[in-house]
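# Topology and contacts: notes
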Amino acid sequence: MPKNDLRKIRENLLISKAELARKAGISPLTIDRIENGYTCRVDTKRKIIQALGLKLSEKNKVFKE
């Protein structure tokens with residue numbers, strides 16, 4: 001079970017993995033891995049949160065850890 005809601009949030013915003021990856025400056029493979037429950041660095045989480053248009057203080061909406 002993934003420890004995040006990244007896939008749900010991304011799909012609600014109608015953003016593809018590739019588009020989110022481009023906005024965040026990371027690879028689509030990284031997005032895929034995170035959506036499947038793999039861990040990532042804090043810096044990567046920050047990039048994703050900002051690419052989703054969220055504030056860093058809203059990180060718990062995406063990442064449960």
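Every chain is numbered independently, its residues counted from 1 as its sequence is written. Selection of residues for local features in this predicted model requires a pLDDT of at least 70, selection of side-chain atom pairs for listing and counting requires 80 or more, and totals for whole chains, interfaces and linings are taken over all residues. The basis for every side-chain value is the complete set of heavy atoms in the structure, and neither hydrogens nor water enter the calculation.

## A few points about the packing of aromatic side chains
Centre distance within 6.5 Å is the pairing criterion for rings of Phe, Tyr and Trp, where only the six-membered ring of Trp is used; planes under 30 degrees apart are then read as stacked, over 60 as edge-to-face, and the remainder as tilted. Within this structure, the stated rule accounts for zero aromatic pairs. When the ring centre of Phe63 is taken as reference, the NZ or CZ atom of Lys45 above it lies at 5.3 Å. Geometrically, a lysine NZ or arginine CZ counts as sitting over a ring once it is within 6 Å of the ring centre and also within 35 degrees of the ring normal.

## Quick word on the environment of Val62
With respect to the helices and strands, the residue Val62 is situated in the segment after α4 (42-51). Residue contacts for Val62: discarding those within four places in its chain leaves Asn4, Asp5, Leu6, Ile9, Leu52 and Leu54. Here a strand is any run of E in DSSP of at least two residues, a helix any run of H or I of at least four, and the numbering for each starts at the N terminus. Should any heavy atoms of two residues lie within 4.5 Å, those residues are considered in contact.

## Some thoughts on α4
Exposed residues in this analysis have more than 50% of their type's maximum accessible area, buried residues have under 20%, and partly exposed residues fall in between, with area computed by a 1.4 Å probe over protein chains only. Of the residues making up α4, those classed as buried are Thr44, Lys45, Ile48, Ile49 and Ala51. Buried residues of α4, seen end-on, are gathered within an arc of 165° and therefore sit on one face of the element. Tucked inside the fold, the buried residues of α4 contact α1 (6-12), α2 (17-24) and α3 (28-35). At the C-terminal side of α4, Gly53 shows a positive phi close to 85°. Here the arc refers to the directions that run from the helix axis out to each C-beta atom.

## Points about the packing of α2 against α4
All axes here are fitted lines through C-alpha atoms, helices being fitted over the stretch that makes contact, and every angle between N-to-C directions spans 0 to 180 degrees. Contact pair α2 / α4: the axes reach a minimum separation of 8 Å and the direction vectors enclose 110°. The angle between α2 and α4 places the two elements in the roughly perpendicular class. Of the two possible hands of crossing, α2 and α4 adopt the one that is right-handed. Contacts between α2 and α4 pair Leu20, Lys23 and Ala24 from the former with Lys47, Ile48 and Ala51 from the latter. Of the residues assigned to the contact of α2 with α4, the class counts are four nonpolar, no polar and two charged. Note that the term roughly parallel is reserved for angles under 35 degrees, roughly antiparallel for angles over 145, roughly perpendicular for angles of 65 to 115, and oblique for everything else. Working rule for handedness: look at the near helix, and if it is turned counterclockwise from the far one by less than a right angle, call the crossing left-handed; if clockwise, right-handed. Gly is placed with the polar residues, together with every amino acid not listed as nonpolar (Ala, Val, Leu, Ile, Met, Phe, Trp, Tyr, Cys and Pro) or charged (Asp, Glu, Lys and Arg).

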